[in-house]
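Architecture and fold: a report
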Amino acid sequence: MSGALRFAKICDPSFSRNALAIVTFLAGPVGAQELEGLTWSEQKCVLYDHAVESALGFQGLDGLREEFLSENRSFIDGGCQPTDHVCPITDAEIELANLLTIMTMNEGMASTFVPFSCR
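Since this is a predicted model, take the numbers as computed values, not measurements.

**Structural notes on the state of the cysteines**
- Scanning the entire structure with this criterion turns up 2 disulfides.
- Here Cys45 engages in a disulfide with Cys80; their sulfurs sit 2.0 Å apart. Here the disulfide of Cys45 and Cys80 is right-handed, its torsion about the S-S bond being about 75 degrees. Taken together, the positions of Cys45 in helix H4 (residues 40-59) and Cys80 in the loop between helix H5 (66-77) and helix H6 (91-106) put the pair 35 residues apart, joining distant regions of the chain.
- Residue class for Cys80 comes out buried when judged on its relative accessible area of 7%.
- The residue that forms a disulfide with Cys87 is Cys118, at a sulfur-sulfur distance of 1.9 Å. The sign of the 95 degrees torsion about the S-S bond sets the Cys87-Cys118 disulfide as right-handed. Separated by 31 residues along the polypeptide, Cys87 in the loop between H5 and H6 and Cys118 in the segment after H6 bring together distant segments of the chain.
- Look at Cys87 and you get partly exposed, because its relative accessible area is 21%.

So, how was this worked out
- Residues numbered from 1 in each chain as written.
- Predicted model: local features only at pLDDT ≥ 70, side-chain atom pairs only at ≥ 80, totals over all residues.
- Heavy atoms only, no water.
- Disulfide = S-S within 2.5 Å.
- Helix = DSSP H or I, 4+ residues; strand = E, 2+ residues; numbered from the N terminus.
- Buried < 20%, exposed > 50% of the residue type's maximum accessible area, 1.4 Å probe, protein only.

Printed below as a string of structure tokens:
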């Protein structure tokens, strides 16, 4: 990749917004008291919920379908069980799914933790 192309990608507003969301998420971790006494599975769900709120705060709701948001909320409310699937369809949903995958991986979760898949 040429330097000019790399620079253009970094200057893309979505790249900058996503990078800022990741940095903010990492800078503002969940309080230890929120995770105390929880299993790793429960901790991952709390961290994922925090990541969703942080990412939505930066990305906003434009382009996100109500069905996508409610399915993702159901995943969280159900304890982040791997049986739930949330299908990102719009560009904004795909961008959010990619961002959440990166954010959760930065917290030590596998990329397979997030509920995003389409059947």
